[in-house]
2 protein chains.
Amino acid sequence: MPFNLDELDLKLLSHLQENARISAKDISRKIHLSPNSVSIRIKRLEERGYIKQYVTVLNNTMLNRKLMTFTGVRLIHNNSSNLESFMEYVKYVPEITSCYHVNGMFDFLLQIVATDMQDYRDFLINTLAKFDNISELRTFFVLNEMGAGHAIDLTHLRSKFKRDQKRMN
Amino acid sequence: MPFNLDELDLKLLSHLQENARISAKDISRKIHLSPNSVSIRIKRLEERGYIKQYVTVLNNTMLNRKLMTFTGVRLIHNNSSNLESFMEYVKYVPEITSCYHVNGMFDFLLQIVATDMQDYRDFLINTLAKFDNISELRTFFVLNEMGAGHAIDLTHLRSKFKRDQKRMN
DNA sequence: GCTGAAAATTACCTGGA
DNA sequence: TCCAGGTAATTTTCAGC
């Protein structure tokens, strides 16, 4: 997979990471390129798959989702059909906002958003524990989500790639 | 904090969650409201804080960030000044894309994105372990990020709120 | 990749329910 | 207070270079 992005593409992606609704014109002013070219580049980045999605981050608390957890899940039998059926299962559970297949002391790490403690308890008992084949559920309640919130750092990407390409020669 | 969103606001937020770059006109067609009113509502939702940010989700792998981990951190002394200095610390570390203060067997859960295993190792040794006061670091390598990807479910929010409001009377 | 015109979208203002 | 319509301003798209 060739890396064929230039400095302008990377700057463009940086701005889009910060604000997905920025106009092509505003970007054009910041990276010194015509609005036209900015639009074309954005479309190209979308088509080639560099941009996956534009999402809106909502204030969960104000929307009555006051509880967030990371819940570690361990399956009883870790064969591939069980792994796959669990992955398929989580797709249809709205409370699960992210699902990560991990190594180590858990098989999966789920990010879960619920209204409150009672709602989470109901979810555990009536939804998650209904899935056979779970041996362990361990909840990390999120007390505070903070710091970071970093988008991925693209500023040093170009030089890094240059080094990688050199190494390949 | 009064909950003064109506069905239209919730539908609007749902569409914005899926696609932050959707135009007011496209939303207007979907929720049967004039483009004009849609714009006004979006602005109001931004001002009142229901909308936190519009972000672009990039393809990390294509941008040479092939490794993701969740790394559990345990501090030696859990007093408030140590907690705060750790939170302050993570703000300036670009590899840390999210930081969650949690209860249980870790104090913090960090989501980390790195180029590859070597890069992650360098990060652990040269950056994270440089922070005094860490007693335990446990890495969950993300083998696969899948399923879910759910935005928060707003479809049943209205009825839920009605119930809550009833309960308060 | 740029320019310039046409098309589409958004912002603003006013009236009406 | 909230919504619709009309107009102005901005932004995006498309053609030609």
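Quick notes on the rules
- Residues numbered from 1 in each chain as written.
- Chains lettered and ligands numbered in written order.
- Predicted model: local features only at pLDDT ≥ 70, side-chain atom pairs only at ≥ 80, totals over all residues.
- Heavy atoms only, no water.
- Helix = DSSP H or I, 4+ residues; strand = E, 2+ residues; numbered from the N terminus.
- Least-squares fit on C-alpha atoms with pLDDT ≥ 70 in both.
- Contact = heavy atoms within 4.5 Å.
- pLDDT = per-residue confidence, 0-100.
- Buried area = accessible area lost by both parts, 1.4 Å probe.
- Salt bridge = Lys/Arg side-chain N within 4 Å of Asp/Glu carboxyl O.
- Polar contact = N/O pair within 3.5 Å; in protein donor to acceptor, adjacent residues only side chain to side chain.
- Near = heavy atom within 4 Å.

Colleague: A description of the environment of Cys99 of chain B should follow, citing residues and the corresponding values.
Modeller: Take Cys99 of chain B: it is sitting in strand β3 (residues 96-102). Residues Cys99 of chain B and Leu63 of chain B, 36 residues apart in the sequence, show an inter-C-alpha distance of 22 Å.

Colleague: I'd like a rundown of the relation of the copies chain A and chain B, residues and numbers included.
Modeller: Once chain A is rotated about the relating axis by 180° and shifted along it by 0.0 Å, it coincides with chain B to within an RMSD of 0.1 Å. Such a turn and shift between the copies fits a two-fold axis. Counting the interface residues of chain A, we find that 100% of their copies in chain B are interface residues as well, pointing to one common contact surface.

Colleague: Quick one: what's the story with unusual backbone geometry, residue by residue and with numbers?
Modeller: Positive phi is not limited to glycine here, since Asn64 of chain A has a value of about 70°. Among the structural elements, Asn64 of chain A can be located in the loop between β1 (51-58) and β2 (67-75).

Colleague: Tell me what's going on with the confidence of the model for chain A, and back it up with residues and numbers.
Modeller: For chain A, the average pLDDT comes to 90, and 89% of its residues sit at 70 or higher. Counted against residues more than four places away or in other chains, residues 165-169 of chain A, with its pLDDT under 50, gives 1 contact.

Colleague: Account for the interface of chain A and chain B, with residues named and values stated.
Modeller: Residue-level contacts link 74 residues of chain A with 74 residues of chain B. Of the roughly 6800 Å² buried between chain A and chain B, counting both surfaces, carbon and sulfur atoms make up 63%. The interface formed by chain A and chain B holds 0 salt bridges in total. Seen at the junction of chain A and chain B, the total is 36 residue pairs in polar contact (both at pLDDT 80 or more). Those elements that place two or more of their residues in the side of chain A that touches chain B are α1 (7-18), β1, β2, α4 (80-90), β3 (96-102), β4 (108-114), β5 (134-146) and α6 (157-168) of chain A.

Colleague: Describe the protein's contact with DNA strand C, and please don't skip the residues or the numbers.
Modeller: The full set of residues close to DNA strand C is Leu33, Ser34, Asn36, Ser37 and Arg41 of chain A together with Ser23, Ala24, Lys25, Asn36 and Ser39 of chain B. For DNA strand C, the backbone makes up 65% of the atoms found within 4 Å of the protein, where backbone means sugar plus phosphate. Asn36 of chain A has a polar side-chain atom sitting 2.5 Å from a base oxygen of DNA strand C. Taking Lys25 of chain B, its side chain carries an N or O atom lying 2.9 Å from a phosphate oxygen of DNA strand C. If you tally residues by element for the surface near DNA strand C, the top one is helix α3 (residues 35-47) of chain A, at 3 residues.

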